[in-house]
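Chains, contacts and geometry: an overview
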Amino acid sequence: MGSTKDKKKTELTDTTFIVCDVETTGLSPHTSRMTEIALIKIRYDEIIDTYTTLINPGQHIPAGITQLTGITNEDVFDKPPFEEIAKDVLNFMKDGESDNVIFTGHNVGFDYSFLAESFKRCGEEYDFNYQTLCTCKLARRILRKLKSKSLGNVAAHFGIKQKRRHRAYDDTLATAKILSEFLEILQDEYEFETIEEVIKFQNTKIYSGENRPAALKRIKIELKDIPTDPGVYFMKSTSGENLYIGKAKSLRERLSSYFRHNDNLSYKIKRLLTNIRALEWVITDSELSALILESKMIKKHKPRFNTAIKRFRHHPFLKLDIQNEFPKVEAVYEIENDGAYYYGPFTSKGTIRQIYKTVYEEFKLRKCEDKKIKASDKNSNCMYFDIGKCSAPCTSTISKSDYLTEVEKVHNHIIGSGKNSAVGVIKTLMLDYAENEEYERAALLRDRLHDIQKVMSYQKVITSAINDKKIIIKCDNEDKREIFFIHNGKLMRTITLHRNDDFDQRDAVEEITDIVESLYFSLNKFAKHKFTQEELDEIKVISNWLALNRDRNSFLEISENHNVEQLIQFTLK
């Protein structure tokens with residue numbers, strides 16, 4: 001198998017994960033047998049395919065196991081034995097697009113050992129040999145404060161709901177979603193780029209205060225002395241040069257991650273830790289403030305390790321560049337201050353592909369890579385026009401007004417809720433799968449449907465980034481609230497309220513009233529801003545944060561119908 005051979009490092013985005021869970025008649029892979037198996041194929045954060053079936057174990061299912069799983073002897077009586085599905089399982093695990101297949105599970109050794117023994121009993125023709133990744137091991141290293149690292153507890157930590165516990169498909173789906181959460185944390189907080197780093201990390205010795213890494217001794221700082229507040233940290237050289245600048249929701253947790261697993265970090269991070277001689281930080285009142293400050297500091301100091309350490313980008317958007325004379329649709333990972341329509345962020349690239357596929361097939365917007373086109377009847381038609389997928393605005397085959405009518409149809413398809421909208425198309429397809437008893441495929445589309453519906457519930461705030469928007473954002477921490485006042489896309493003021501300080505709260509009401517009246521209810525409300533480059537960067541940071549944190553914090557887009565009292569009430573409630 002490609003996953004066990006020595007080869008060059010494999011990017012996480014090029015890795016295929018086969019997430020598995022099995023139900024069995026007992027605990028021993030030698031004397032017990034499988035009664036159910038579920039497999040979910042994931043390429044990074046997208047579910048590619050699913051496979052699940054009950055299995056006739058050829059032996060009695062004990063009453064205690066039936067009570068735990070709900071699987072009875074009658075349920076498996078007419079189901080295939082493992083020998084009959086062995087070839088299907090192996091074929092499912094192969095990935096035509098990648099040799100980099102990782103077998104994944106929660107307490108993965110249990111599931112792997114049962115499959116390995118089952119294949120061994122089938123004969124030598126079945127070669128089952130994969131590298132494994134265990135989400136339980138990852139939980140022990142990433143969720144150190146979580147008391148129990150059981151599947152149910154980790155799922156609850158991430159807000160992942162399970163309909164049935166101890167059933168193979170439901171447990172596999174929960175594990176797949178946990179894996180997606182962990183991969184995001186590993187790339188964002190640990191700067192991991194490859195699957196080899198993740199595999200190595202899961203076996204890392206967990207740091208204890210008795211065995212302090214060399215880098216931690218060198219900078220003469222105790223982890224317990226680092227504050228738990230959000231903020232920005234600066235890793236410095238002997239000369240005081242800023243080698244790396246980063247932000248954190250919790251400075252202690254973030255900085256601890258560098259030192260707890262020092263022996264198993266990526267090569268680039270090891271090089272960074274070898275060079276640092278001092279560590280400094282600035283506390284901020286919220287994660288959003290930390291992001292804004294981090295962006296400013298990186299552009300000011302240009303730390304060499306910030307460009308050397310690659311950051312993955314998640315949560316794709318669909319972009320309709322309506323500021324273009326002949327707009328087109330594309331997938332992007334950042335919001336720009338360019339007047340385009342942005343739809344997202346979606347939690348899965350699969351959702352993006354589903355919508356894009358429909359737009360591609362049902363509408364005739366241009367597909368060419370050109371950012372702009374100059375229409376002329378002297379241009380020749382392209383392949384897309386020849387196959388009926390494009391209206392060829394480049395050859396003046398369609399008028400600009402008719403083309404923009406098609407653009408409007410695409411916009412309505414994406415944000416609408418009718419039968420022919422993106423939501424409607426997926427809902428119809430999902431119901432078709434359910435009627436044909438293809439429940440796994442229906443469940444996959446159900447998740448994509450939920451993804452779209454959640455995005456569209458706040459889409460109005462994201463469209464055209466936040467340029468020309470008047471918005472108030474409030475970010476809550478344990479003992480404080482930071483409030484951001486945005487006027488026509490520009491961050492004008494921030495203030496912080498301390499929860500347990502009545503004097504501070506009373507004093508703040510007067511200040512908030514002055515800000516609200518000045519920004520949103522005076523002549524200033526009509527002002528347009530000329531943005532500096534720093535302010536444009538700030539808009540991008542706020543836009544992306546606002547999109548990705550819609551469920552955790554509060555914002556208010558101010559309309560002509562709001563009054564001063566309503567805005568003040570929003571900031572304080």
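Residues numbered from 1 in each chain as written. Predicted model: local features only at pLDDT ≥ 70, side-chain atom pairs only at ≥ 80, totals over all residues. Heavy atoms only, no water.

So, the overall build of the protein chain
- A tally of helices and strands in the protein chain yields 22 helices and 15 strands.
- Looking at the protein chain residue by residue over its 573 residues, the buried ones come to 53%.
- Contacts in the protein chain between residues at least 24 apart in sequence constitute 67% of all its contacts with a sequence separation of at least 6.
- Surface summary for the protein chain: the accessible area is close to 28000 Å², and the carbon and sulfur share equals 47%. (Helix = DSSP H or I, 4+ residues; strand = E, 2+ residues; numbered from the N terminus. Buried < 20%, exposed > 50% of the residue type's maximum accessible area, 1.4 Å probe, protein only. Contact = heavy atoms within 4.5 Å. Areas by Shrake-Rupley, 256 points an atom, 1.4 Å probe, with all protein chains shown as cover.)

Describing helix H18 (residues 439-456)
- Between its terminal C-alpha atoms H18 stretches 25 Å, which fits the 26 Å expected from 18 residues at 1.5 Å a residue.
- Of all the positions in H18, only Ala-442, Ala-443, Leu-444, Leu-445, Arg-448, Leu-449, Asp-451, Ile-452, Val-455 and Met-456 are classed as buried. (Expected span 1.5 Å × (residues − 1).)

Description of the pattern of salt bridges
- Following the criterion strictly, the structure yields 18 salt bridges and no others.
- For Glu-36, the salt bridge goes to Arg-167, with nearest N and O atoms at 2.9 Å. One end of the pair, Glu-36, is in strand E2 (residues 34-43); the other, Arg-167, is in the loop between helix H6 (151-157) and helix H7 (168-189), with 131 residues separating them in the sequence. We note that Glu-36, like Arg-167, is buried.
- The partner of Asp-447 in a salt bridge is Lys-177, with the nearest N and O atoms 4.0 Å apart. Residue Asp-447 is located in helix H18, and its partner Lys-177 is located in helix H7; the two are separated by 270 residues in the primary sequence. (Salt bridge = Lys/Arg side-chain N within 4 Å of Asp/Glu carboxyl O.)

Let's talk about helix H8 (residues 195-202)
- Summarising burial for H8: six of the eight residues are buried, a large majority.
- Taken residue by residue, H8 has Ile-195, Glu-197, Val-198, Ile-199, Phe-201 and Gln-202 as its buried positions.
- Packing partners of the buried residues in H8 comprise strand E1 (16-24), strand E4 (101-105), strand E5 (131-134), helix H5 (135-142), H7 and helix H11 (267-275).

A word on the sheet that holds E5
- Spatial strand order, E3-E2-E1-E4-E5: five strands in an open sheet with mixed pairing. On the outer flanks of this sheet lie strand E3 (46-54) and E5, each paired with one strand and no other. Neighbour to neighbour, the strand axes of the sheet diverge by 25° on average, direction disregarded.
- In this fold helix H4 (residues 108-122) packs onto E1, E2, E4 and E5, with an angle of close to 80° to the strand it touches most, E1. (Pairing = 2+ DSSP bridges. Axes fitted to C-alpha atoms, helices over the stretch in contact; angles between N-to-C directions.)

Details of the layout of surface pockets
- Here the second largest pocket is characterised by a volume of approximately 480 Å³.
- In terms of lining, the second largest pocket is formed by 20 residues, of which the most central are Asp-21, Val-22, Glu-23, His-166 and Asp-171.
- Sorting the residues of the lining of the second largest pocket by element identifies E1, helix H1 (63-69), H4 and H6 as the ones contributing at least two each.
- Looking at the lining of the second largest pocket residue by residue, the classes come out as six nonpolar, nine polar and five charged. (1 Å grid on protein atoms, 1.4 Å probe; cavity = no way out; pocket = protein on both sides within 12 Å on 5 of 7 lines; lining within 4 Å. Points joined across faces, edges and corners; volume = space filled by probe spheres on them. Nonpolar A, V, L, I, M, F, W, Y, C, P; charged D, E, K, R; others polar.)

A short note on the sheet that holds strand E8 (residues 278-283)
- Within the open sheet, the three strands sit side by side as E7-E6-E8. Their pairing is antiparallel. At either margin of the open sheet sits one strand with a lone partner, and together these are strand E7 (242-248) and E8. Ignoring strand direction, the axes of neighbouring strands in this sheet form an average angle of 20°.

What to know about the packing of aromatic side chains
- Under the counting rule described, the total for this entry stands at 17 aromatic pairs.
- Seen in terms of ring centroids, Tyr-112 and Phe-128 are 4.8 Å apart; in terms of plane orientation they differ by 35°. Their pairing is tilted. On the criterion of sequence distance, the pair formed by Tyr-112 in helix H4 and Phe-128 in the loop between H4 and E5 is long-range, its members being 16 residues apart. The same class applies to Tyr-112 and to Phe-128, which are both buried.
- Their ring planes at 25° and their centres at 5.1 Å tell us that Phe-119 and Phe-128 sit as a pair that is stacked.
- In this structure Phe-128 comes out as buried when scored by relative accessible area, which is 11%.
- Aromatic rings pair up to connect Phe-82, Phe-103, Tyr-112, Phe-119, Tyr-126, Phe-128 and Tyr-130 into one cluster.
- The residue whose ring lies beneath Lys-41 is Phe-92, and the NZ or CZ to ring-centre distance is 5.0 Å.
- Note that Lys-474 overlies the ring of Phe-570, its terminal NZ or CZ placed 4.2 Å from the centroid. (Phe/Tyr/Trp six-rings, centres within 6.5 Å; stacked < 30°, edge-to-face > 60°. Lys NZ or Arg CZ within 6 Å of the ring centre and 35° of its normal.)

What about the confidence of the model for the protein chain?
- A residue-level look at the protein chain finds 89% of positions with pLDDT of 70 or above and a mean pLDDT of 85.
- Counting contacts from residues 1-6, a segment whose pLDDT is below 50, to residues more than four positions away or on other chains yields 13 contacts. (pLDDT = per-residue confidence, 0-100.)

Quick look at the packing of helix H14 (residues 349-362) against H18
- It is the contact of H14 with H18, at a shortest axis distance of 10 Å, that shows an interaxial angle of 85°. One element, H14, and the other, H18, form an angle in the roughly perpendicular class. From H14, Gly-350, Thr-351, Gln-354 and Ile-355 reach across to H18, where they touch Leu-445, Arg-448, Asp-451 and Ile-452. (Parallel < 35°, antiparallel > 145°, perpendicular 65-115°, else oblique.)

Quick notes on a negative patch on the surface
- Among the surface-exposed residues, Asp-507, Glu-510, Asp-514, Glu-517 and Glu-565 lie close enough to one another that they form a single negatively charged patch.
- Checked against the element boundaries, Asp-507 lands in helix H20 (residues 502-520). (Patch = residues over 30% accessible without salt bridge, like charges linked within 9 Å, V, L, I, M, F, W, Y side chains within 5 Å. Lys, Arg positive; Asp, Glu negative; His and termini not counted. Charge placed at Lys NZ, Arg CZ, Asp CG, Glu CD.)

A look at the packing of H14 against helix H16 (residues 400-415)
- Where H14 meets H16, the closest approach of the two axes is 11 Å, and the angle between their N-to-C directions is 150°. Relative to H16, the element H14 lies roughly antiparallel. The two elements H14 and H16 meet at a crossing, and its hand is right-handed. Each of Ile-355, Thr-358, Val-359 and Glu-362 in H14 lies in contact with H16, whose residues at this interface are Glu-406, Val-410, His-413 and Ile-414.
- A breakdown of the residues in the contact of H14 with H16 according to their chemical character gives four nonpolar, two polar and two charged. (Left-handed = near helix turned anticlockwise from the far one by under 90°.)

Thoughts on unusual backbone geometry
- Along the chain, Gly-344 connects to Pro-345 via a cis peptide bond; the corresponding omega equals 0°.
- Checked against the element boundaries, Pro-345 lands in the loop between strand E11 (341-343) and H14.
- Although it is not a glycine, Asn-107 sits at a positive phi angle of roughly 60°.
- Accessibility expressed as a relative area gives 41% for Asn-107, which makes it partly exposed.

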